[in-house]
Each structure stands twice: as structure tokens, then as C-alpha cells.
Amino acid sequence: MKGTAEMGRVAIGTAPDSWGVWFADDPRQTPWPRFLDEVVAAGYTRIELGPYGYLPTDPVRLKDELDQRGLTMTAGTTFEQLHRPDGWESTWRDVARTAELTAAMGAKHLVVMPSMWRGDNGEIVEERLDHEGQARHGQAVTELGRRLAEEFGLRTQYHPHADGHVDTQDTVERFLEETDSAHVNLCLDTGHISYCGGDNLELIRKYPDRIGYLHLKQVDPKVLAEVEAEGLSVDEAVRRGVFVEPPNGVPELPPVLDALAALDVDVFAIVEQDMYPCAPDAPLPIAERTLAYLSTAGGGVSS
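Below, the structure is looked at part by part. (Residues numbered from 1 in each chain as written. Predicted model: local features only at pLDDT ≥ 70, side-chain atom pairs only at ≥ 80, totals over all residues. Heavy atoms only, no water.)

**Let's talk about the packing of aromatic side chains**
Counted only if it meets this: For Phe, Tyr and Trp, rings pair up if their centres lie within 6.5 Å, where Trp contributes its six-membered ring, and each pair is then called stacked (planes under 30 degrees apart), edge-to-face (over 60) or tilted (otherwise). Only runs of H or I of at least four residues qualify as helices and only runs of E of at least two qualify as strands under DSSP, and these elements are numbered from the N terminus. Note on classification: 1.4 Å probe, protein chains only; a residue is buried when its accessible area is under 20% of the maximum for its type, exposed when over 50%, partly exposed between these limits. Geometrically, a lysine NZ or arginine CZ counts as sitting over a ring once it is within 6 Å of the ring centre and also within 35 degrees of the ring normal.
Inspection of the entire model under this criterion finds nine aromatic pairs. Note on F23 and Y276: the rings are 5.3 Å apart at their centroids and 75° apart in plane angle, and the pair reads as edge-to-face. You can see F23 sitting in the loop between β1 (10-14) and α1 (32-42) and its partner Y276 sitting in the loop between β10 (267-271) and α11 (283-294), a full 253 residues away along the chain. When its relative accessible area of 6% is taken as the criterion, Y276 is described as buried. An aromatic cluster of at least three residues, connected via ring pairs, comprises W19, F35 and Y54. In this structure, R147 packs its charged tip against the face of W92, placed 4.1 Å from the ring centre. Here the basic side chain of K217 rests over the ring of F243, its NZ or CZ set 5.4 Å away from the ring centre.

In C-alpha cells, the structure reads:
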């Protein structure tokens, strides 16, 4: 349904991640033509780019593939290493190519994620940032957002990530304090916030002007408790099925959607259920059920 004059519009889309896609090229992943075809079959009209190189990187070809299927792109996704003193060059190289393709598709957002402090096997690979490191990181991400807006016309939406340098409620709030809202806002990933013990509704309440984009996912509390008890990585947690289709996990999504609609702003809410790897026939029925559920789950939702 459409939002009223008093409510914002929450426009639902989906992403390659919900089809088990984490990498540009992996034989265990859904081939990209099947992904696009099944997105349409499930009833979605909006997608994210996913990992650079998974979908065609030639902008003319990609635009044609999307247009043939009546799809539009909402955002690109990429990682950054700006907490490192020498991280700017490598970050900009990767971010710029993703931003260029994203902008060519007419999208207005770039979702940027932090580097990981924990490895795939649960080992600590980097020290957590102290307050001084968080401040430097925030300044660098602000500069990244400024340049992305200036050179590509994209809005930077920062995505906290489990096992990343911005993950818990405290680090998310610190990040928002250390960044300039003119250049950086928040991609609120409901699953990653809950995975790290955060409160999605509290973030919306405290920082209503910083919510620029949304990833919708839920966490299975039982699997999460096992993962935490064993000190496992988020990658292993995904393999154990920690992220589940709604309404089978936490957080409850209707209150989140209602809180967003009450902000009286328009926002993209992208379904992003991590399922890597997954059986090839698993994603489509989950995507269909998820869209049907979300279409009636909260105020202002539009598919």
C-alpha cells in the first residue's frame, strides 16, 4: 500500500545475497541470469548490485538486462579499509568502480561496509578500534562520502556488519557521532544489529535523521546463542542458518517498518537474507513468502 501524507514510503527490494551470492564468481552460487529471472518471478522490481563482477559490469549490457525484466537498481555495495593508515588507495580503487557502475544504472545510494576484525575461522585478525581510531575512521569515511557524492552523485549509506569494525550498538553510535550526516548516513541492517546485541528501534528513535537506507533480515536466537557460546565467526553462523526468513526470527519487523514510516521520509528496504551457500532451488520460494509477508507487515510499505 502507499504511504499516507503523514507517513513515509518504505519501498521493498531484494539483493543477490538472498540468492546465496557473496562473490563475483563462485560455482556454488546462483547464476546471474537465473537470479534476475527469479527476482521478477518472486514479484520484486528493485535490486542491489551485489558483489562487483557478479552481474555484468558493462553498463550498457547491465541496463539492457534490467530493462528487459522491468527492474531498477537501488544501490551498489562495497567494503572499505579506511581504519588502516594506508587504506585509502585500495578502498578508493574498489569503491570507485562499484560507484561508477551503480551511478550508470541510475541508483542514488552506495552501501559501504567495514573491514572485519574476526576471520572466517573465528580468529582475531585485527585489534578493535579505540576511540582515537574510531575518530580517524569516521573522518575518513566522511571524506569518502563527500567524494562519492561529488564524483558520482551517490549517497553513502554505511552498513554495520557483524565481526566488522562497526558492529555493536556502541560502535554504531560512536560512528554516527564521528561522521558528518551531510556525507554519510546509516544503512540499518536489522539482522546485523540484532546479531550484535543492538536495538534497531532505539537507533531509529535516537537518530531519525541518519536512517538513509535499510536491509531487512532476521536472526534465529537459538543459532546465535550457539555461535556466541562457541566463539564462531559470522561466516560460520551463516552456514549454520543464523539468518532466517521472516517472521521466524528477531527483530520483529512490523514495529521497525512502522517506526520508519512514521519518520515521514522515503526509504528503500532491501531484503537481504544471507544464505551462502544454499541449494539452487531454495531462494525463490523464500523470496516469494518474504515479499508477501512484508507487503502486509507495516505501514507505508510498497513493493
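Past the structure itself, the notes keep going.
**Details of the layout of surface pockets**
Formally: Detection works on a 1 Å grid of protein atoms alone, calling trapped sets that fit a 1.4 Å probe cavities and calling open sets with protein on both sides within 12 Å along at least five of seven lines pockets, with lining residues defined by an atom within 4 Å of a point. Grid points are joined across faces, edges and corners, and a volume is the space filled by probe spheres set on the points. Nonpolar residues are Ala, Val, Leu, Ile, Met, Phe, Trp, Tyr, Cys and Pro. Charged residues are Asp, Glu, Lys and Arg, and all others, Gly as well, are polar.
Empty space within the largest pocket amounts to approximately 930 Å³. Lining the largest pocket are 40 residues, and of these W22, F23, F79, M113 and H161 sit closest to its centre. Mapped onto the lining of the largest pocket, the elements with two or more residues apiece are β3 (72-79), α3 (88-104) and α9 (234-239). In terms of residues, the lining of the largest pocket owes the most to one element, α9, which gives four residues. A per-class count over the lining of the largest pocket returns 15 nonpolar, eleven polar and 14 charged. Looking at the second largest pocket, its volume works out to about 170 Å³. Forming the boundary of the second largest pocket are R9, A11, H109, R155, Q157, I211, G212, Y213, V265, D266, V267 and F268. When contributions to the lining of the second largest pocket are tallied by element, the ones reaching two or more residues are β5 (155-158), β7 (211-216) and β10. The leading source of residues in the lining of the second largest pocket is β7, at three residues. Taken together, the residues of the lining of the second largest pocket break down into six nonpolar, three polar and three charged.

**Concerning helix α4 (residues 131-152)**
What sets the pattern is the α-helix's 3.6 residues per turn: residues three or four places apart point alike. Selection rule: Every helix has an expected span of 1.5 Å times one less than the residues it contains. Note on contacts: a residue pair is in contact if any heavy atoms of the two residues lie within 4.5 Å. Pairs of N or O atoms are called polar contacts if they sit within 3.5 Å, as long as, within protein, a hydrogen donor faces a hydrogen acceptor (for residues adjacent in sequence, only side-chain-to-side-chain pairs).
End to end, α4 covers 31 Å across 22 residues, agreeing with the expected 32 Å (1.5 Å per residue, within 8%). Buried residues of α4: G133, Q134, A135, H137, G138, A140, V141, T142, L144, G145 and L148, and no others. Along its buried surface, α4 packs onto α3, β4 (109-113), β5, α5 (169-178) and β6 (184-189). For α4, the N-terminal cap is D130; the gap from its side-chain oxygen to the backbone nitrogen of E132 is 3.2 Å.

**Thoughts on the pairing of β7**
What counts, and what does not: Pairs of strands are assigned from DSSP output, requiring at least two bridges between the strands.
Counting buried positions along β7 yields six of six residues, so the element is predominantly enclosed. The pairing of β6 with β7 spans four bridges and is classified as parallel. Bridge pairing in β7 places C187 opposite Y213. Pairing of β7 with β10, which is carried by three bridges, proceeds in the parallel orientation. Each bridged residue has a counterpart across the sheet, and for L214 the counterpart in β10 is A269.

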